[in-house]
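Per-entry structural report
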Amino acid sequence: MAAFNFIPEIWSRQIHETLKKEMPEENFVNTKFQGEINNIGDRVHVWTPGAVTIVNYTKNTGYAGSLEVPQPTEEYMDITTAKGFRFYVDSIDKVQGALDPEGPFLQEATYGIMDTLSQAIAAQHVNVHANNVVYPAAVVTAATIWDLLNEAHYKLDVQKAPKTGRWFQASNYIYKLIREAIGDRATPLGDTAIIGGPVAKFCNFDIYTSANVVAVENAGTSGGTGDKAVERCMFGVRDGISLAYSIPPTSLHYYNPEAANGIAVKGLVLYGIKMWRGGALNGVLNAYYA
């Protein structure tokens with residue numbers, strides 16, 4: 001068994017690196033912010049570049065108007081949520097080599113944090129712009145999925161969202177339909193689905209599968225209520241949502257619990273999440289399947 005070498009900075013870095021590589025929802029959000037995260041109530045700064053005016057240019061005369069100084073907008077996102085983990089390994093199990101705190105338990109803690117952040121991002125579906133909701137007319141099938149994503153694409157076009165870097169959060173069921181639609185092969189439209197891969201390209205969306213797509217029973221298929229099971233698959237561009245999170249090394253602790261003979265580890269993940277521009281850069285496909 002590997003020796004247990006608890007160094008908070010290394011644990012924190014390993015968890016961060018794993019989240020960036022393996023969390024699908026990391027690709028949905030903007031993580032470009034300024035500010036350190038060490039406590040609940042910390043605030044990070046998110047900058048939006050100012051608009052640049054397009055003016056007339058006359059040969060031998062120059063540009064119309066005076067030299068413009070764009071005015072960037074500084075917005076704030078507060079760190080409002082803390083989630084924690086703690087686990088204990090008895091000395092007997094450790095000595096016998098049955099459990100290695102530095103291995104599987106670190107992996108489980110990382111998975112738990114990943115799942116927590118993924119659910120928090122998926123829960124943002126309630127904040128998308130009302131005009132960006134796609135309501136299928138019938139149960140979603142392999143024959144209709146392309147048309148539905150085309151409608152989602154159009155809704156982003158109407159909002160003047162960037163055309164590059166668009167993503168779609170597919171449930172396992174919707175991803176299955178996408179693969180059926182294109183048969184795991186490239187199409188003349190550039191659609192691809194990679195067997196066993198995390199990403200597909202479909203209707204100019206980068207498709208990411210997620211186990212945390214919000215599923216709702218007895219949801220409506222239009223604006224009202226109904227008795228359909230619906231999966232709320234989000235779509236959008238990265239600048240539509242910002243996520244700031246941290247596992248501060250100072251929050252990670254190794255200790256010996258009183259009245260127990262073993263070691264324990266505890267830690268916190270701090271995060272804040274916010275959807276910008278009234279949800280105009282994000283939408284949701286209410287895909288009903290029952």
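All of the points below concern the structure found in this document. This one's a predicted model, so the numbers in the text were calculated from it and none came from an experiment. (Residues numbered from 1 in each chain as written. Predicted model: local features only at pLDDT ≥ 70, side-chain atom pairs only at ≥ 80, totals over all residues. Heavy atoms only, no water.)

1. Examining the packing of aromatic side chains
Aromatic ring pairs are described here by two measures, namely the spacing of the ring centres and the angle between the planes. For the structure on display, the rule yields six aromatic pairs. Relative to Trp-167, the ring of Phe-28 lies with its centre 4.1 Å away and its plane at 10 degrees, an arrangement referred to as stacked. Remark: Trp-167 occurs in strand E7 (residues 167–170) and Phe-28 occurs in the loop between helix H1 (8–22) and strand E1 (43–48); sequence separation between them is 139 residues. Residue Phe-28 is classed as buried on the basis of its relative accessible area of 0%. A centroid spacing of 5.7 Å and a plane angle of 65 degrees characterise the contact between Phe-28 and Tyr-208, whose relative ring orientation is edge-to-face. With Phe-28 in the loop between H1 and E1 and Tyr-208 in strand E10 (residues 205–209), this residue pair connects regions lying 180 residues apart in the sequence. (Phe/Tyr/Trp six-rings, centres within 6.5 Å; stacked < 30°, edge-to-face > 60°. Helix = DSSP H or I, 4+ residues; strand = E, 2+ residues; numbered from the N terminus. Buried < 20%, exposed > 50% of the residue type's maximum accessible area, 1.4 Å probe, protein only.)

2. Quick notes on the pattern of salt bridges
Scanning the entire structure with this criterion turns up seven salt bridges. One salt bridge in this structure joins Lys-163 and Asp-157, with 2.9 Å as the shortest N-O distance. Ionic contacts of the salt-bridge type, sharing partners, join the residues Asp-157, Lys-163 and Arg-166 into one network. (Salt bridge = Lys/Arg side-chain N within 4 Å of Asp/Glu carboxyl O.)

3. Some remarks on a nonpolar patch on the surface
Residues Val-55, Tyr-57 and Tyr-63 make up a contiguous nonpolar surface patch of roughly 380 Å² in combined accessible area. By the secondary structure assignment, Val-55 is in the loop between E1 and strand E2 (57–58). Residue classification places Val-55 among the partly exposed residues on the basis of a relative accessible area of 39%. (Patch = residues over 30% accessible without salt bridge, like charges linked within 9 Å, V, L, I, M, F, W, Y side chains within 5 Å. Areas by Shrake-Rupley, 256 points an atom, 1.4 Å probe, with all protein chains shown as cover.)

4. Some words on helix H5 (residues 172–182)
The complete set of buried residues in H5 reads Ile-174, Tyr-175, Leu-177, Ile-178 and Ile-182. Here the buried residues of H5 occupy an arc of 155 degrees about the axis, which is enough to place them on one side. (Arc of directions from axis to C-beta.)

5. Some remarks on unusual backbone geometry
Positive phi values are uncommon outside glycine, yet Asn-60 reaches one of about 70 degrees. By the element assignment, Asn-60 lies in the loop between E2 and strand E3 (62–63). On the basis of relative accessibility, which here comes to 75%, the residue Asn-60 falls in the exposed class. Phi is positive for Cys-203, close to 55 degrees, though the residue is something other than glycine. Looking at where Cys-203 falls in the secondary structure, it is placed in the loop between strand E9 (199–202) and E10.

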